[in-house]
Amino acid sequence: MNINNELEKFRQRKAQEFFTQELPNRLKGFKAALEGTPEEIKKKLDDQEEIYVLDFWDKLDELTEQEKKTLELAGKTADVLCEGEEKPLASEIIADQQEEIENLKAEVQKFKTENPDKIDRHKEDLFIRFQDCMEKLQYMLNSTIENYDFEQGAITDRDEAIMFGYNRRNICTEIEIARDYIVDIEEIRKELESLA
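Residues numbered from 1 in each chain as written. Predicted model: local features only at pLDDT ≥ 70, side-chain atom pairs only at ≥ 80, totals over all residues. Heavy atoms only, no water.

(A) Fine view of the overall build of the protein chain. Scanning the protein chain from terminus to terminus reveals six helices and zero strands. Taken from the N to the C terminus, the helices and strands of the protein chain come in the order α-α-α-α-α-α. In the protein chain, which comprises 196 residues, the proportion classed as buried is 24%. Contacts in the protein chain between residues far apart in sequence, at least 24 positions, make up 74% of those at least 6 positions apart. Summed over all atoms, the accessible surface of the protein chain reaches about 14300 Å², with 53% contributed by carbon and sulfur. (Helix = DSSP H or I, 4+ residues; strand = E, 2+ residues; numbered from the N terminus. Buried < 20%, exposed > 50% of the residue type's maximum accessible area, 1.4 Å probe, protein only. Contact = heavy atoms within 4.5 Å. Areas by Shrake-Rupley, 256 points an atom, 1.4 Å probe, with all protein chains shown as cover.)

(B) Spatial organisation of the environment of lysine 69. With respect to the helices and strands, the residue lysine 69 is situated in helix α2 (residues 38-83). For lysine 69, a relative accessible area of 41% gives the class partly exposed. Considered as a pair, lysine 69 and isoleucine 3 are 66 residues apart in the sequence and their alpha carbons are 9.8 Å apart.

(C) Region of the structure containing the environment of leucine 63. If you trace the backbone, leucine 63 turns up in helix α2. For leucine 63, a relative accessible area of 35% corresponds to the partly exposed category. Along the sequence, leucine 63 and leucine 7 sit 56 residues apart, while their C-alpha atoms lie 9.9 Å from each other.

Next comes the structure, spelled out in C-alpha cells:
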C-alpha cells in the first residue's frame, strides 16, 4: 500500500465532498440569513465563502495527518501479522499503540519547547478565529430571533402560526449554520486547551 497515493485519494475525496455538497449547502443557509443590497449580500457571501474554504483547508490538513497516522499504524499492524504464523496478542498491539502515543506526545512537547513563537502565533490565530466565530454566531442568533419575532412569546394568531410554519425551513437552516459555528468554536477551544 502506497501511503502517499492513499492520502492523495483521501484529500481528493474530502475536497470533492466539501466543494460539491457541504460548501453549497452552508452558503445557501448563510445567504438565507443575509439582509442588505444585492452588492452587500454578494460581498458578505464571498467573504463567508473564503472563510469556509480556508477553514476547510486547515481541517483537511489535520484530517490528512490523522489519516496518515492511521494508515501507518495499519501498515505496521499488517506487517506484524504477516511476519509470523501467530497473530499478535491484543495486549501486544495495545502496548505498541501506547508506545506510539507516548512518542507522539514527546514530539508535541519537543515542538512546544523548541518553537514557542510558532505556538504563540498559532494561539493568536485560534483566538482570532474563536472571536470571529463568536461574533458570527451572535449575529446569526440575533438575526434569527429578530427575523422571526421569537421575543414576542407564544404564537396565538392563526396567520402568524402559518407564517411561522412557512418559515420553518429557513429557521432550520439558520439554526444549522449556528450549530456549525458552535462546532467550530468547540474545536478551537479544544485546540487551545491542548496548546496550554
